[in-house]
Amino acid sequence: MRKFKTESKKLLDLMINSIYTNREIFLRELISNASDAIDKLYLKSLTDASAKVDQENLAITLAYDKDARTLTVSDNGIGMTADELEKNLGTIAHSGSEEFKEANADKQGDAVDIIGRFGVGFYSAFMVAKEVSVVTRAFGSDECLRWTSDGIEGYTIEPVAADDPAYRATCGSDVVLTLKDNADEASYDEYLSEYTLKDLVKRYSNYVRYPVKMMVTKSRQKEKPADAGDDYKPEWEDYEELETLNSMTPIWKKRGSDVTPEEYNEFYKSTFHDWEDPARTFSLHAEGTLEYDALLFIPGKAPFDLYSRDYEKGLELYSSNVLIMEKCADLLPDYYNFVRGVVDSADVTLNISRETLQQNRQLTAMERRIEKKITSELESMRDTDREAYEKFFGNFGRGLKYGIYSSYGMKKDELAGLLLFWSAKNEKFVTLQEYAQAMPEGQKAIYYAAGDDRDRLAKMPVVKSVLAKGFDVLLCTDDVDEFCFQAMRDFTAKDMPKVYADDAAREAAEKAQADGAEAEREDRTLELKNVSSGDLDLASEEEKKAADEAAKANEGLFGAMKEALDDAVAKVTVSAHLTSAGDAPSCVSAEGPVSLEMEQVLAAGPDAAQAPKATRVLEVNAAHPVFAKLQAAQEAGDTDKLALYTSLLYDQALLTEGLPVADPVAFAQNVCKLM
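Report on the accompanying structure. (Residues numbered from 1 in each chain as written. Predicted model: local features only at pLDDT ≥ 70, side-chain atom pairs only at ≥ 80, totals over all residues. Heavy atoms only, no water.)

Considering the sheet that holds strand 19 (residues 490–497)
The strand order across the open sheet built from six strands is 16-15-18-17-20-19, with neighbouring strands paired in mixed fashion. The open sheet has two edge strands, strand 16 (428–430) and strand 19, and neither has a second partner. Strand-to-strand twist in this sheet, taken as the mean axis angle between neighbours without regard to direction, amounts to 40°. Of the strand pairs in this sheet, strand 19 and strand 20 (residues 521–530) are connected by six bridges, and their pairing is antiparallel. (Pairing = 2+ DSSP bridges. Helix = DSSP H or I, 4+ residues; strand = E, 2+ residues; numbered from the N terminus. Axes fitted to C-alpha atoms, helices over the stretch in contact; angles between N-to-C directions.)

A look at the layout of surface pockets
Gaps between atoms show up when a probe of the same size as a water molecule is rolled over them. Looking at the largest pocket, its volume works out to about 1,000 Å³. Elements with a minimum of two residues in the lining of the largest pocket: helix 5 (194–204), helix 6 (261–272), strand 12 (315–319), strand 13 (322–328) and strand 14 (340–344). Looking at the lining of the largest pocket, the element that brings in the most residues is helix 6, giving four residues. Split into classes, the residues belonging to the lining of the largest pocket amount to twelve nonpolar, nine polar and 15 charged. (1 Å grid on protein atoms, 1.4 Å probe; cavity = no way out; pocket = protein on both sides within 12 Å on 5 of 7 lines; lining within 4 Å. Points joined across faces, edges and corners; volume = space filled by probe spheres on them. Nonpolar A, V, L, I, M, F, W, Y, C, P; charged D, E, K, R; others polar.)

A word on the pairing of strand 12
Strand residues, when the strand is regular, have side chains that alternate between the two faces of the sheet. The element strand 12 is largely enclosed, with a buried count of five among its five residues. As paired elements, strand 12 and strand 13 share four bridges and run antiparallel to each other. Opposite S319, over in strand 13, you have V322 as the bridge partner. Joining the antiparallel neighbours strand 12 and strand 13 is a turn of two residues, in which S320 adopts a positive phi near 55°. In the sheet, strand 12 pairs with strand 14 via three bridges, with the strands oriented parallel. Within the sheet, the bridge partner assigned to E316 lies in strand 14 and is V342. (Buried < 20%, exposed > 50% of the residue type's maximum accessible area, 1.4 Å probe, protein only.)

Looking at the packing of aromatic side chains
Inspection of the entire model under this criterion finds 26 aromatic pairs. Consider the rings of F421 and F485, whose centres lie 5.0 Å apart with planes at 35°: the pair is tilted. In this pair, F421 sits in strand 15 (residues 421–423) while F485 sits in helix 13 (residues 481–488), placing the two residues 64 residues apart along the sequence. The pair F421 / F485 is uniform in exposure class, with both members buried. Plain terms: the ring middles of Y447 and F471 are 5.9 Å apart, the flat faces sit at 20° to each other, and that makes the pair stacked. With a gap of 24 residues between them, Y447 in strand 17 (residues 445–450) and F471 in the loop between helix 12 (461–468) and strand 18 (473–476) connect regions that are remote in the sequence. Judged by relative accessible area, Y447 falls into the buried class, the value being 4%. The aromatic ring of Y239 is capped on one face by R220, whose charged end is 4.0 Å from the ring centroid. Over the face of the ring belonging to W422 we find R454, whose NZ or CZ atom lies 3.8 Å from the ring centre. (Phe/Tyr/Trp six-rings, centres within 6.5 Å; stacked < 30°, edge-to-face > 60°. Lys NZ or Arg CZ within 6 Å of the ring centre and 35° of its normal.)

Let's talk about the side chain of T375
Mapped onto the elements, T375 comes out in helix 7 (residues 360–384). When its relative accessible area of 11% is taken as the criterion, T375 is described as buried. Within the local environment of T375, its side chain forms a polar contact with the side chain of Y336, the two groups lying 2.7 Å apart. Sequence-distant contacts of T375, defined by excluding residues within four places in its chain, comprise Y336, E414 and L418. (Polar contact = N/O pair within 3.5 Å; in protein donor to acceptor, adjacent residues only side chain to side chain. Contact = heavy atoms within 4.5 Å.)

Things to note about the pattern of salt bridges
Throughout the structure, instances matching the rule amount to 38 salt bridges. The salt bridge partner of R386 is E390, with a shortest N-O separation of 3.7 Å. Separated by four residues within a single helix, R386 and E390 lie in helix 8 (residues 386–406), roughly one turn from each other. Assessed through its relative accessible area of 31%, E390 is described here as partly exposed. Here D523 and K494 are joined by a salt bridge, their closest N and O atoms 3.9 Å apart. Of the two residues, D523 sits in strand 20 while K494 sits in strand 19, which places them 29 residues apart along the sequence. In this structure, a network of salt bridges that share partners links the residues K198, K218, E241 and E243. (Salt bridge = Lys/Arg side-chain N within 4 Å of Asp/Glu carboxyl O.)

Topic: the packing of helix 2 (residues 26–47) against helix 5
To characterise two packed helices, one gives the angle between the axes of the helices and the distance between these axes. Contact geometry of helix 2 with helix 5 gives a least axis separation of 10 Å together with a crossing angle of 65°. With respect to helix 5, the element helix 2 is oriented roughly perpendicular. Like other packed secondary-structure pairs, helix 2 and helix 5 cross with a definite hand, here right-handed. Listed contacts from helix 5 to L27, R28 and I31 of helix 2 are L197, L200, V201 and Y204. Of the residues belonging to the contact of helix 2 with helix 5, the class tally is six nonpolar, no polar and one charged. (Parallel < 35°, antiparallel > 145°, perpendicular 65-115°, else oblique. Left-handed = near helix turned anticlockwise from the far one by under 90°.)

Digging into unusual backbone geometry
Notably, M248 is not glycine yet its phi reads approximately 75°, a positive angle. Counting through the fold element by element, M248 comes out in the loop between strand 9 (236–244) and helix 6. By relative accessible area, which is 25% here, M248 ends up partly exposed. Its identity is not glycine, yet S320 carries a phi of approximately 55°, on the positive side. Summarising the element assignment, S320 is placed in the loop between strand 12 and strand 13.

Section: the nonpolar core
Counting residues in each nonpolar core, the largest one holds 76 residues, and the members touching the most others are Y336, F392, Y447 and M488. Counting 60 residues, the second-largest nonpolar core is a separate cluster that includes I25, I38, W252 and L323. (Core = buried A, V, L, I, M, F, W, Y, C linked by side-chain atoms within 4.5 Å.)

Remarks on helix 12
Listed as buried for helix 12 are P461, V462, V463, S465 and V466. Phi turns positive one or two residues past the end of helix 12, at G470, with a value near 95°.

Concerning the environment of K571
For K571, the position within the fold is in strand 21 (residues 571–574). Sequence separation between K571 and R616 is 45 residues; the distance between their C-alpha atoms is 7.6 Å. In contact with K571, other than residues within four places in its own chain, are K562, E591, R616, V617 and L618. At a separation of 3.1 Å, a polar atom in the side chain of K571 contacts the side chain of E591.

What to know about the environment of L418
For L418, the position within the fold is in the loop between helix 9 (412–415) and strand 15. Accessibility expressed as a relative area gives 0% for L418, which makes it buried. Considering only alpha carbons, one finds L418 and V620, 202 residues apart in sequence, at a separation of 38 Å.

What to know about the state of the cysteines
Considering all chains together, one arrives at zero disulfides under this definition. With no disulfide of its own, C171 has C144 as its nearest cysteine by sulfur position, at a separation of 11 Å. Exposure remark for C171: the relative accessible area of 19% places this residue in the buried category. (Disulfide = S-S within 2.5 Å.)

Quick notes on the packing of helix 19 (residues 639–656) against helix 20 (residues 664–674)
Viewed as axis vectors pointing N to C, helix 19 and helix 20 meet at an angle of 125°, and their least axial separation amounts to 10 Å. By the angle class used here, helix 19 and helix 20 are oblique. Handedness of the helix 19/helix 20 crossing: left-handed. For the pair formed by helix 19 and helix 20, the contact residues are L644, Y645, S647, L648, D651 and L655 on the first element and F667, N670, V671, K673 and L674 on the second. Class assignment for the residues of the contact of helix 19 with helix 20 results in seven nonpolar, two polar and two charged.

Read these as geometric descriptors, not functional statements.
Structural data, given as structure tokens:
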């Protein structure tokens, strides 16, 4: 027996027990090695006239023997000589495939795709095998050799006699694994199962360029005997058939014109275990310093656990058609976590086990390109198929909004154009750009109302007052909406009619247009304003003046009302936008960074006790008949009646806003007192 060197023994032990985290990938590694061996023979046939290869018969074969507890991976590739066995298998971490790849880099082309890189994949077999033997015959050699090792002390290399059942008459290799005995922590019998082997090939090696074949058991109906009577019952029999287990040609490597939408849909549903067709399918082919292919899908429906803590985002990552990671999270930003698909690149730098990537800069470059592609496809869907886009947004729009909020607004330029909100004026979903383009002249902000019910929001007094001014209001019902808008602060609308600084500039522009010049356009930054905030500034100068005069004239009344409400509000004042008897008698607004809606959302969270509160202001409609009742109670010195009216007015305003009253029992009692 040839001994492994001390250092090699340590490295082998490290590889078997530490490098790989999932023992089942041993089959992926052995199939990849077999594919490399066939590629080497095929490349030799391109440069050596004596090497004739029948491409139709190039294949990898699996066979298992339950009684002998052996699993065999065979190929009809180039094989190995004694020196190559010593060099490739006797020297730990020497990659014959990598060496071959470098030596023949200018000859490979697209027809050859060497997978191996580190020379350690072969030794993953010892995770499941107590002994591994390699029977091989090199191309052009008359000698058949057997390399055998237990993965502990060393290995032997010996010739195989022609009368030995294992003898190979043609070039290629047979890797025979004698599986370990079952233990409490692991059962190795599963690798002697037809179902498991087929599943592993499908999962990890489905797109290896050569067929992976195995004898499988099938069932068929026996032929009906000629003398069978009318009461004959069909009989079935089992038989064995050599079946190709892998697809070989990945769908993402095919030209789009060669694949039907039905084939893409079927691939998506079978690969990602979805019963519904994807809403959008698109591909990406990148060339340059980093080459890769991507096939991406937007699901037709959100998975049930999309917003749960257990949901895992990520794309399937392949390297040279071999699955490396089932969910590579680094290829997608969080706000596109719903996208599914595959990315295949031979250029990504893998770690020694191929289970993770080494260089984040490569992933970062790929992620940026994929993100731009997804954004572009969503914009196209928004502009060309609005019905489909609105359905998409209903499924995944919340995540886009959260992407803006979680990035503190830094992603608003990329994502704001994809958002949809319900227009109170037009009663349909609109984008922020569409809202801006429909604004009347003189409107300087985008107005929105946030809450949990669209119909209730539309009936709010403050919403009605803004609509009465001719301005639209976006009705926002997602819990993240207010946080999203707070993070955004503003929105830059594109290609808007130019706003002129003065009448002279406007007249000059109008004259130029009359002479045939095009109307001037500009990008305009619009502030996002919650209609429940106290700084809407929509009142006319006359309305502001009237409100100021009413506030000064009734300072004593408002002071008494503030005293009756104690610390429930920061102040009581005259409303500048509830200005007629037909408007509501009062409303509640908020001052400062925390809005009423934000307070509600935070109060429903896990840290409700520490959640910040909104600074509330009770705004009273000085033109409403109720205000006269308040004044009369104040003038009569009836503090009890004034306190009763004030409490009812405040609770009524809270209910109108969709907010809970602090003491429902007291509210009911106050209503009874009034009655």
